[in-house]
Amino acid sequence: MMITKLNRSFRLLSAGAALSLLMVAAPAAFAETPKDTLVEGFAIDDIISMDPGEAFELSTAEVTSNTYSLLVRLDMNDTSKIKGDLADSWTVSDDGLTYTFKLKPDLKFASGNPITAEDVAWSFERAVKLDKSPAFILTQFGLTGDNVTEKAKAVDPTTFTFTVDKAYAPSFVLNCLTATVASVVDKKLVVDHVKPVTVDADHKYDNDFGNDWLKTNYAGSGAYKLREWRANEVVVMERNDNYYGEKAKLNRVIYRYMKESSAQRLALEAGDIDIARNLEPNDLDAVAKNADLATTNAPKSTVYYVSLNGKNENLKKPEVQEAFKYLVDYDAIGATLIKGIGEIHQTFLPTGQLGALNENPYKLDVAKAKELLAKAGLPDGFSVTMDVRNTQPVTGIAESMQQTLAQAGVKMEIIPGDGKQTLTKYRARTHDMYIGQWGSDYFDPNSNADTFTSNPDNSDAGTVKTLAWRNTWEAPELDKETKAALLERDAAKRAGMYEDVQKKFLANSPFVIIFQQIEVAGYRKSLKDFKLGPSFDTNYVGPISK
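All residue numbers here refer to positions counted from 1 along the written sequence of the relevant chain. Two thresholds apply to this predicted model, a pLDDT of at least 70 for residue-level local features and 80 or more for giving and counting side-chain atom pairs, whereas whole-chain, interface and lining totals are computed over all residues. Calculated side-chain values reflect all of the structure's heavy atoms, with hydrogen atoms and water omitted.

**Observations concerning the overall build of the chain**
Here is step 1 of the chain: A count of helices and strands for the chain gives 20 helices and 17 strands.
Here is step 2 of the chain: We take the radius of gyration over the C-alpha atoms and set the globule estimate at 2.2 Å times the residue count to the 0.38 power. Relative to its length of 546 residues, the chain is compact, with a C-alpha radius of gyration of 23 Å against a globular reference of 24 Å.
Here is step 3 of the chain: Relative accessible area decides the class of each residue, using a 1.4 Å probe on protein chains only: under 20% of the type maximum gives buried, over 50% gives exposed, and in between gives partly exposed. Burial statistics for the chain: of 546 residues in total, 58% are counted as buried.
Here is step 4 of the chain: The contact rule is simple, with two residues in contact once any of their heavy atoms fall within 4.5 Å. Looking at the chain alone, contacts between residues at least 24 apart form 71% of all its contacts between residues at least 6 apart.
Here is step 5 of the chain: Shrake-Rupley sampling with a 1.4 Å probe provides the accessible areas, and residues are treated as covered by the protein chains on show and by no other component. When the accessible area of the chain is evaluated, it comes to approximately 21,300 Å², of which 49% is carbon and sulfur surface. Elements are defined by DSSP. Helices are runs of H or I of four residues or more, strands are runs of E of two residues or more, and each kind is numbered from the N terminus.

Listed below in structure tokens is the structure:
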């Protein structure tokens, strides 16, 4: 099902062999990737699962957004608007509770199966009943395993209705439906691969909804289809000729796992890859000076932060949390480690979203930090660990903080790991400190406001696993204000509410937000129509040609 219409030279090759072929294809001074293939060097070690009902990692979201379709998508020409994907049109009931979507005609999955409203309804049902990390994007509208088949249902083969529990601002609801967890899966294909599960305390339902199979397989209808993923090695996608929209220009796209910026730059210069996705400032400068190469950038709705786990009694103290905000050398980080790839930004709403607060009140101030630590009863400091993904710039930022924390007597040990290792530990709440990035799940301020403030069940058994939950932090008043903003239809008033939440969050939270990402890439000038989108799931490869 995944392997169709391959060139003869690729037909009998595994993805690994195909990749090897790329490395020896050079007849002259430098290698050259095949004319029908796009090869990107990318740090994809955060990928854990390819199931859109489970995946919640930045790299996976890019793959998912290119391989699965949604009811609606962000309008790339105006990010304040939503446009139809599978949906041809939609209406909202007078009471603001029911959204009715009409599907475009004659839609097909990559498998050839027709796309119907029943597939949409079942995709919602399986995401809610799987109840994996991204499920809250849908369950926040009042969906549960018990009511989802009534709240999200097919009226007829081309009509799907979605009923929410409150009269939210419609832009909020529609933005949530652009998240990858709302991807529409091929029900017929997935049901063929469902595994039985014994109902017990950990499993509410008697089957896995095809989750085990979809971790490494594919059942979508996007511009590309997933051929293969091998952890920390490669992702291979092929053009989906059943795609309803404009067909992808190239036959296949290969994401090669490359961790080091310098390795990506060298491979790009040699022609072994077409795009380098994780360039550090020095390598970005070198690429910009190469006549055969070019660079591009786009501000992202992604912020980088350090979080302090309240399970550690020292880190739980408000004075310690504030002290750590004074123990980051923001100026040095901005001038070196993130030069050209980020801008210092200390609040959770990224610039460009409604209500973003562009205030950076914290500077490196060791004396102030020592004063706060003494007030917390820790005048001599203490020891702590930080889990760090072994990529830049987070490793460099962690090392910088290690030095500045030491100036206040705090001994910080860096625990390195790949993306999967650090994320798994973070999600289990077994870290002390963690440095990572958070990209908005949808282009609405609630995406970040909710995850940084909401924690309805702080127990280890809690099912709403927001960033606040991961760090065992409870802020009921901020959560209440954030929830109220969802019901405010006046954009200016709503923006003001988010600004107030951010000011309170800055003064008292276990999050040290450091910068907003400017995504950059180097690429060969032979590429046409390569653009970076405003979010981690809007880097579309379908329009790219050579």
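**Section: the packing of aromatic side chains**
Here is step 1 of the chain: Two rings belonging to Phe, Tyr or Trp (six-membered ring only in the last case) form a pair when the distance between their centres is within 6.5 Å. Interplanar angles under 30 degrees mark stacking, angles over 60 mark edge-to-face geometry, and anything in between is tilted. Scanning all chains against the criterion turns up 30 aromatic pairs.
Here is step 2 of the chain: Judged by centre distance (5.0 Å) and plane angle (80°), the rings of tyrosine 326 and tyrosine 362 are edge-to-face. Within this pair, whereas tyrosine 326 is found in the loop between α12 (318-325) and α13 (330-337), its partner tyrosine 362 is found in the loop between β13 (342-344) and α14 (366-375), the two being separated by 36 residues in sequence.
Here is step 3 of the chain: In this structure an aromatic cluster arises from ring pairing among Trp90, Phe101, Phe124, Phe141, Phe160, Phe162, Tyr168, Phe172 and Tyr442.
Here is step 4 of the chain: Two limits define a charge over a ring: the Lys NZ or Arg CZ must be within 6 Å of the ring centre, and within 35 degrees of the ring normal. One cation-aromatic arrangement involves arginine 429 over tryptophan 469; the distance from NZ or CZ to the ring centre is 4.3 Å.

**Here's the deal with helix α17 (residues 446-453)**
Here is step 1 of the chain: Extensive coverage of α17 is indicated by the burial of 8 of its 8 residues.
Here is step 2 of the chain: The set of residues buried in α17 consists of Asn446, Ser447, Asn448, Ala449, Asp450, Thr451, Phe452 and Thr453.

**What about the nonpolar core?**
Here is step 1 of the chain: In terms of nonpolar packing, the biggest core is built from 64 residues, with Phe101, Phe124, Phe160, Phe162 and Phe452 touching the most fellow members.
Here is step 2 of the chain: Top contributing element to this core by residue count: helix α4 (residues 117-130), with 6 residues.
Here is step 3 of the chain: In this structure, phenylalanine 160 is in contact with Leu71, Tyr99, Thr100, Phe101, Ala117, Val120, Ala121, Phe124, Ala152, Lys153 and Ala154, ignoring residues within four places of it in sequence.
Here is step 4 of the chain: Buried Ala, Val, Leu, Ile, Met, Phe, Trp, Tyr and Cys residues form a nonpolar core when they are joined through side-chain atoms within 4.5 Å. Within the second largest apolar cluster, 55 residues are counted, among which are Ile273, Leu279, Leu284 and Ile397.

**Some details on the sheet that holds strand β6 (residues 152-156)**
Here is step 1 of the chain: When DSSP finds at least two bridges between two strands, those strands are taken to pair. Taking strand neighbours across the sheet as the criterion, the 4 strands line up as β4-β5-β7-β6 in an open arrangement whose pairing is antiparallel. This sheet does not close on itself; its edge strands, each paired only once, are β4 (87-92) and β6. Ignoring strand direction, the axes of neighbouring strands in this sheet form an average angle of 25°.
Here is step 2 of the chain: Pairing analysis gives 5 bridges linking β4 to strand β5 (residues 98-103), with the strands arranged antiparallel. Angular values range over 0 to 180 degrees, each being the angle between N-to-C directions of two axes fitted as lines to C-alpha atoms, with helices fitted over their stretch in contact.

**Brief notes about the packing of helix α19 (residues 476-485) against helix α20 (residues 491-507)**
Here is step 1 of the chain: Where α19 contacts α20, the axes come no closer than 9 Å and their chain directions differ by 165°. What the angle tells us is that α19 and α20 run roughly antiparallel. Remark: the crossing between α19 and α20 carries left-handed chirality. Contact residues: α19 offers Leu478, Glu481, Thr482, Ala484 and Ala485, while α20 offers Arg494, Met497, Tyr498, Asp500, Val501, Lys504 and Phe505. Just so you know how the angles are binned, under 35 degrees is roughly parallel, over 145 roughly antiparallel, 65 to 115 roughly perpendicular, and the rest oblique. Note on convention: near helix rotated counterclockwise from far helix by under a right angle means a left-handed crossing. Clockwise means right-handed.

**Topic: the side chain of arginine 524**
Here is step 1 of the chain: Along the polypeptide, arginine 524 turns up in strand β17 (residues 511-524).
Here is step 2 of the chain: In this tally Asp and Glu are treated as negative and Lys and Arg as positive; neither His nor the chain ends contributes. In the sections that follow, a salt bridge refers to a side-chain nitrogen of Lys or Arg positioned within 4 Å of a carboxyl oxygen of Asp or Glu. Buried within the structure, arginine 524 lacks any salt-bridge partner; its nearest side chain of opposite charge belongs to aspartate 292, at an N-O separation of 4.4 Å.
Here is step 3 of the chain: Side-chain atoms alone can form a polar contact between residues adjacent in sequence; in general such a contact is a pair of N or O atoms within 3.5 Å, and within protein one must be able to donate a hydrogen while the other accepts it. Here the side chain of arginine 524 touches leucine 268 through a polar contact of 2.6 Å, landing on its backbone oxygen.

**Topic: the confidence of the model for the chain**
Here is step 1 of the chain: For every residue, the pLDDT score states the predictor's confidence, bounded by 0 at the bottom and 100 at the top. This prediction gives the chain a mean pLDDT of 93; 94% of its residues lie at or above 70.
Here is step 2 of the chain: Predicted confidence is poor over residues 1-29, with pLDDT under 50, and the contacts of this stretch with residues over four places away or in other chains come to 49 contacts.

**With respect to unusual backbone geometry**
Here is step 1 of the chain: Of the consecutive residues glutamine 392 and proline 393, the connecting peptide bond is found in the cis state with omega at 5°.
Here is step 2 of the chain: Inspection of the secondary structure assignment puts proline 393 in the loop between β14 (383-389) and α15 (394-406).
Here is step 3 of the chain: Look at threonine 472: it is not a glycine, yet its phi comes out positive at around 50°.
Here is step 4 of the chain: By the element assignment, threonine 472 lies in the loop between α18 (467-470) and α19.
Here is step 5 of the chain: A residue is classified by how much of its surface remains accessible, and threonine 472, at 14% relative accessible area, is buried.
Here is step 6 of the chain: Its identity is not glycine, yet aspartate 529 carries a phi of approximately 60°, on the positive side.
Here is step 7 of the chain: Position of aspartate 529 among the secondary structure elements: in the segment after β17.
Here is step 8 of the chain: Using a relative accessible area of 51% as the deciding quantity, one classes aspartate 529 as exposed.

**Some details on the pattern of salt bridges**
Here is step 1 of the chain: Considering all chains together, one arrives at 35 salt bridges under this definition.
Here is step 2 of the chain: In this structure, lysine 81 and aspartate 78 form a salt bridge, with 3.7 Å as the shortest nitrogen-oxygen distance.
Here is step 3 of the chain: The residue lysine 195 makes a salt bridge to aspartate 212 at a minimum N-O spacing of 2.6 Å. Of this pair, lysine 195 sits in the loop between α8 (187-191) and α9 (211-214) while aspartate 212 sits in helix α9, and the two are 17 residues apart along the sequence.
Here is step 4 of the chain: A network of salt bridges, in which partner residues are shared, links Glu40, Glu62, Arg277, Lys300 and Glu519.

**Focus: the packing of helix α10 (residues 261-270) against helix α11 (residues 281-288)**
Here is step 1 of the chain: Relative to each other, α10 and α11 sit at 15°, their axes nearing to 9 Å. Looking at the two axes, α10 sits roughly parallel to α11. Our pair here, α10 against α11, has a crossing hand that is right-handed. Two secondary-structure elements touch here, α10 through Ser261, Ser262, Arg265 and Leu268 and α11 through Asp283, Ala286 and Val287.
Here is step 2 of the chain: Across the contact of α10 with α11, the residue classes break down as 3 nonpolar, 2 polar and 2 charged. Amino acid classes used here: Ala, Val, Leu, Ile, Met, Phe, Trp, Tyr, Cys and Pro are nonpolar; Asp, Glu, Lys and Arg are charged; the rest, including Gly, are polar.

**Some remarks on the side chain of arginine 277**
Here is step 1 of the chain: For arginine 277, the position within the fold is in the loop between β11 (275-276) and α11.
Here is step 2 of the chain: A polar contact is formed between the side chain of arginine 277 and the side chain of glutamate 40, at a distance of 2.8 Å.
Here is step 3 of the chain: One polar contact links arginine 277 to glutamate 519, side chain to side chain, over a distance of 2.8 Å.

**A look at the pairing of strand β1 (residues 37-42)**
Here is step 1 of the chain: The element β1 is extensively covered by neighbouring structure, given that 6 of its 6 residues are classed as buried.
Here is step 2 of the chain: Every second residue of β1 is oriented toward a common face, with Thr37, Val39 and Gly41 on one face and Leu38, Glu40 and Phe42 on the other, all of them buried.
Here is step 3 of the chain: Alignment of β1 against strand β10 (residues 252-257), held across 6 bridges, turns out to be parallel. Bridging from a neighbouring strand, glycine 41 pairs with arginine 256 of β10.
Here is step 4 of the chain: Where β1 and β11 come together, 2 bridges link them in parallel fashion. In the sheet register, glycine 41 faces β11, and the bridge partner there is alanine 276.

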